[in-house]
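Here is how the chains run, residue by residue.
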Amino acid sequence: MEWDLVCGRASLSPFFQSFYFFGTAVGEPLMGLFADRFGRRWVISVSALLFLLTSVTSALVPLYSLVLAGRFVLGALHAIIGPAYIQGMEACPVNLRTVFGLLATTPFALTGMLFGAWAYLIRDWRTLQLVCAAPTLLFIILIPFVDESPRWLMQKGRLQEAANNLLKGARWQGATLPTQPELVNLLEKFRLESADGGQEHQQITRNEGCASRCWRETTLLVRTPALRRITIGLFGCWFFTGVTFWGMSLSGTSFSSDPFLYMVLSSLMEIPGYSGFTPIVARFGRRFVLSFNFAVCSCAILTILATPASYTWMIFALALVGKLFITGSYGLLYLVSSELFPTTVRSRGLNLSSMMARFGSIMSPFVIKLLASTYWWAPSVLFGMGAGLGTLFALLLPESSNKPMADTVDQLELLYGSSSRTSSSNSIEKGVASPLTAPEREGEADV
């Protein structure tokens, strides 16, 4: 209403949502690259400050073009979710990864419910955006209490800092670790044992030209067969999750006559979607549950096509079922991605995978705003088929349950490559698990 985005200008309305997703598509690879190069904590700290500044500024500017520019920047900064999630996963012991990995996304559902309530009470979009930006202050207050990931510090050779962070964690938990000099020597041993290709690889890397180095960085996620399989599978899963999840989240007017009620209830479905699958994932593993969630979501959404329009309650219920299971896939993908990508490219891999979801989410507002007005069946067909294709990509992924998190690409090949099928479990333990899990076995319950 403020910019007269109706009639002939109605096609400009979806850009308010899509520009945010355009920003995330740009921010995901950048945040992943920065987090792997400069550290998880640095990226989180800088991005949080910029997010607060931009969200307040863009709520006060008078021009629609400036608002869209602000939405783009906010979307790019939204990508700190990846490094923040990895920050926690890299410090999490093996026996708690499933619980932490899935429950960490639950606050997203809770704030979605709050947003639906706030939007009902606060009809002015500028005031609503300022209210939504306020919790960022709490996030900024926590930054001084966040330490850098010890895994990342070890891979970068910053062993003193890694040892200090581990000793701090041990003090908090009342656990006992070796003295700092001993711990530094132990970390140096692990770092050398896990280095990709050893000294020969490092010498080749130093002698590379700029073009060769850029090409190696660009093709890093498809360098080996196992990494290639993981990258293709995760990229496909994330893309179709983005299409379906955001499509279902923004379809309040397509599947319900009350968009505010739909927003609150669909967000309510995200709570069991993020947390309710925890025991199921722990029992049946990641790969099976991920593909099952996609399949059920697809069936629920496509069933809407065969439901009479007068059965509004049934359409509403089927949409909520679809939202429940696609949310389960969304939360699980964060866990799977952080487990399958090695430490050296983990943040980059997760953020590039998440970027695929952003490409899917860019499409969703146009499907809902433009296609649905002409073809009522379009949202159900596209979102249902998207979830169905996600099932196939999920089956490409290896099972990562109860396996150590690889630090390097070489370790990843030992765990999930062709050698994992021909090597004995003892050789895998010697090549991967020992440097990764020895400290976890000794102190995982404490540290």
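Residues numbered from 1 in each chain as written. Predicted model: local features only at pLDDT ≥ 70, side-chain atom pairs only at ≥ 80, totals over all residues. Heavy atoms only, no water.

This paragraph deals with the environment of Leu166. Within the secondary structure, Leu166 sits in helix H10 (residues 159–173). Taking C-alpha positions, Leu166 is 9.7 Å from Asp147, a pair spaced 19 residues apart along the chain. (Helix = DSSP H or I, 4+ residues; strand = E, 2+ residues; numbered from the N terminus.)

To continue, consider the packing of aromatic side chains. Two aromatic rings, taken as a pair, are described by how far apart their centres are and by the angle between their planes. Under the criterion given, the structure shown has 16 aromatic pairs. Their ring planes at 90° and their centres at 5.7 Å tell us that Phe19 and Phe22 sit as a pair that is edge-to-face. Here the residue Phe19 and the residue Phe22 both occupy positions in helix H1 (residues 15–38), the gap between them amounting to three residues, near one helical turn. Both rings, one in Phe240 and one in Phe393, keep their centres 5.9 Å apart while their planes meet at 35°; by these two values the pair is tilted. (Phe/Tyr/Trp six-rings, centres within 6.5 Å; stacked < 30°, edge-to-face > 60°.)

The residue Ala119 is located in helix H6 (residues 106–121) in this model. Linking Ala119 and Phe260, residues 141 residues apart in sequence, is a C-alpha distance of 7.7 Å. Setting aside residues up to four positions removed in sequence, Ala119 forms contacts with Leu128 and Phe260. (Contact = heavy atoms within 4.5 Å.)

You can see Ser337 is positioned in helix H19 (residues 312–340). Residue Ser337 is classed as buried on the basis of its relative accessible area, which comes to 0%. Excluding anything up to four places from it in sequence, Ser337 contacts Leu234, Trp238 and Leu350. (Buried < 20%, exposed > 50% of the residue type's maximum accessible area, 1.4 Å probe, protein only.)

Across its 19 residues, helix H2 (residues 40–58) extends 26 Å between first and last C-alpha, which sits within 8% of the 27 Å expected from 1.5 Å per residue. Within the span of H2, buried status applies to Arg40, Val43, Ile44, Ser45, Ser47, Ala48, Leu52, Thr54, Ser55 and Ser58. (Expected span 1.5 Å × (residues − 1).)

Looking at the protein as a whole, its pLDDT mean stands at 80, while 83% of the residues score no less than 70. When pLDDT is averaged over each element of the protein, helix H18 (residues 286–303) comes out on top at 93 and helix H24 (residues 425–443) at the bottom at 40. Counted against residues more than four places away or in other chains, residues 197–204, with its pLDDT under 50, gives three contacts. Throughout residues 421–447 the model reports pLDDT below 50, and contacts reaching past four residues in sequence, or to other chains, amount to 42 contacts. (pLDDT = per-residue confidence, 0-100.)

Right, let's talk about the nonpolar core for a bit. One recurring pattern in soluble globular proteins is that nonpolar side chains are buried together. Counting residues in hydrophobic clusters, the biggest one holds 65 residues, and the most contacted among them are Leu234, Trp238, Leu290, Tyr330 and Leu332. Ranked by the residues each element gives to this core, the list is headed by H19, at 15 residues. Apart from the residues lying within four places of it in its own chain, the contact partners of Tyr330 are Trp238, Thr241, Phe245, Trp246, Tyr274, Ala357 and Arg358. The next biggest cluster of nonpolar side chains, apart from the first, holds eleven residues, and it includes Leu153, Met154, Ala162 and Leu167. (Core = buried A, V, L, I, M, F, W, Y, C linked by side-chain atoms within 4.5 Å.)

A contiguous nonpolar patch, built from Phe22, Val26, Leu30, Phe34, Phe38, Trp42, Val46, Leu50, Leu53, Phe72 and Val73 and spanning about 910 Å² of accessible area, is present on the exposed surface. For the nonpolar patch, the leading source of residues is H1, giving five residues. Its location among the elements puts Leu50 in helix H2. For Leu50, a relative accessible area of 40% gives the class partly exposed. (Patch = residues over 30% accessible without salt bridge, like charges linked within 9 Å, V, L, I, M, F, W, Y side chains within 5 Å. Areas by Shrake-Rupley, 256 points an atom, 1.4 Å probe, with all protein chains shown as cover. Salt bridge = Lys/Arg side-chain N within 4 Å of Asp/Glu carboxyl O.)

Here the focus is the packing of H6 against helix H7 (residues 125–133). As a packed pair, H6 and H7 sit with axes 10 Å apart at the nearest point and diverge in direction by 150°. In terms of axis orientation, H6 runs roughly antiparallel to H7. Crossing geometry of H6 relative to H7 is assigned as right-handed. Contacts from Phe115, Trp118 and Ala119 in H6 reach Leu128, Val131 and Cys132 in H7. Of the residues contributing to the contact of H6 with H7, the split by class is six nonpolar, no polar and no charged. (Axes fitted to C-alpha atoms, helices over the stretch in contact; angles between N-to-C directions. Parallel < 35°, antiparallel > 145°, perpendicular 65-115°, else oblique. Left-handed = near helix turned anticlockwise from the far one by under 90°. Nonpolar A, V, L, I, M, F, W, Y, C, P; charged D, E, K, R; others polar.)

Below, the discussion takes up the pattern of salt bridges. Considering all chains together, one arrives at ten salt bridges under this definition. Across the salt bridge formed by Asp36 and Arg40, the nearest N and O atoms sit 2.8 Å from each other. What makes Asp36 buried here is its relative accessible area of 3%. Classification of Arg40 by relative accessible area gives buried; the value is 0%. Put simply, Arg348 and Asp36 hold a salt bridge, and the shortest N to O gap is 3.5 Å. Remark: Asp36 occurs in helix H1 and Arg348 occurs in helix H20 (residues 346–374); sequence separation between them is 312 residues.

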